Amino acid sequence: MPTVYRVVLVGFGAAGQGFAQIIRDHGARITASTGAEIRIVGVATARRGSAYAATGLDAGALLDAIAQGTLTALPQAVTDDALTMIQTRDADILVELSP
């Protein structure tokens, strides 16, 4: 069984979306070769909404939503700002990508 790492992204611009694309496109191969499963559990943005799911967010759904301009239409949308997400949500890794 792989070791699961729960990741929160603060910021979801080009770098955050690139990270999500890597997880979407190569996550299974990364897990198979390293024994580590990377799950994006939270994304917090200043102007385009935030989302959180303790069991993980679908990277493809995040990318589709942000392509429409906002994360607020996702079923996992939350009103957390970045600080609230960091302080109250359960994650192993915080990736700071805000401008």
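The coordinates are above.
Residues numbered from 1 in each chain as written. Predicted model: local features only at pLDDT ≥ 70, side-chain atom pairs only at ≥ 80, totals over all residues. Heavy atoms only, no water.

Trainee: Break down helix 1 (residues 14-34) for me, citing the residues and quoting the values.
Mentor: The end-to-end C-alpha distance of helix 1, which contains 21 residues, comes to just 25 Å, noticeably less than the 30 Å that a straight helix rising 1.5 Å per residue would cover. Along helix 1, the helix axis deviates most sharply at histidine 26, where the bend reaches about 75 degrees. Residues of helix 1 that are buried: Gly16, Ala20, Ile23, Gly27 and Thr31. In this structure, the buried residues of helix 1 make contact with strand 1 (3-10), strand 2 (36-44) and helix 2 (59-67). (Helix = DSSP H or I, 4+ residues; strand = E, 2+ residues; numbered from the N terminus. Expected span 1.5 Å × (residues − 1). Bend = angle between axes of the 7 residues up to and from the residue. Buried < 20%, exposed > 50% of the residue type's maximum accessible area, 1.4 Å probe, protein only. Contact = heavy atoms within 4.5 Å.)

Trainee: Tell me about the side chain of serine 50, and name the residues and values.
Mentor: Position of serine 50 relative to the elements: it lies in strand 3 (residues 50-52). A relative accessible area of 2% places serine 50 in the buried class. In this structure the side chain of serine 50 is engaged in a polar contact, spanning 3.5 Å, whose partner is the backbone nitrogen of threonine 45. Serine 50 has contacts with Val43, Ala44, Thr45, Leu71, Gln76, Ala77, Val78, Asp80 and Met85, leaving out every residue within four places of it along the chain. (Polar contact = N/O pair within 3.5 Å; in protein donor to acceptor, adjacent residues only side chain to side chain.)

Trainee: Go over the nonpolar core, please, and point to the residues and values.
Mentor: Residues Phe12, Ile40, Val43, Leu62 and Leu71 are the most contacted members of the largest nonpolar core, which totals 17 residues. Counting residues per element, the ones that place at least two in this core are strand 1, helix 1, strand 2 and helix 2. In terms of residue count, helix 2 provides more of this core than any other element does, five residues in total. Setting aside its immediate chain neighbours within four residues, leucine 62 contacts Phe12, Ile40, Val43, Leu57, Leu71 and Leu74. Listed in part, the six residues of the second largest apolar core include Val10, Ala44, Tyr52 and Met85. (Core = buried A, V, L, I, M, F, W, Y, C linked by side-chain atoms within 4.5 Å.)

Trainee: Mind laying out helix 2, listing which residues take part and the relevant values?
Mentor: Of the residues making up helix 2, those classed as buried are Ala59, Gly60, Leu62, Leu63, Ala65 and Ile66. Among the structural elements, helix 1 and strand 2 are those in contact with the buried residues of helix 2. Sitting at the head of helix 2, aspartate 58 places a side-chain oxygen 3.1 Å from the backbone nitrogen of glycine 60. A positive backbone phi angle near 110 degrees is found at glycine 69, which sits one or two residues after helix 2.

Trainee: Could you give an account of the sheet that holds strand 3, naming the residues involved and the relevant values?
Mentor: Strand order across the open sheet formed by five strands is 4-3-2-1-5, with mixed pairing between neighbours. Here the strands that pair on one side only, and so sit at the sheet edges, are strand 4 (77-78) and strand 5 (93-96). Bridging between strand 2 and strand 3 involves three bridges; their strand directions are antiparallel. The residue of strand 3 that forms the bridge with glycine 42 is tyrosine 52. Strands strand 1 and strand 2 of the sheet are contacted by helix 1, whose axis makes an angle of about 160 degrees with strand 2. (Pairing = 2+ DSSP bridges. Axes fitted to C-alpha atoms, helices over the stretch in contact; angles between N-to-C directions.)

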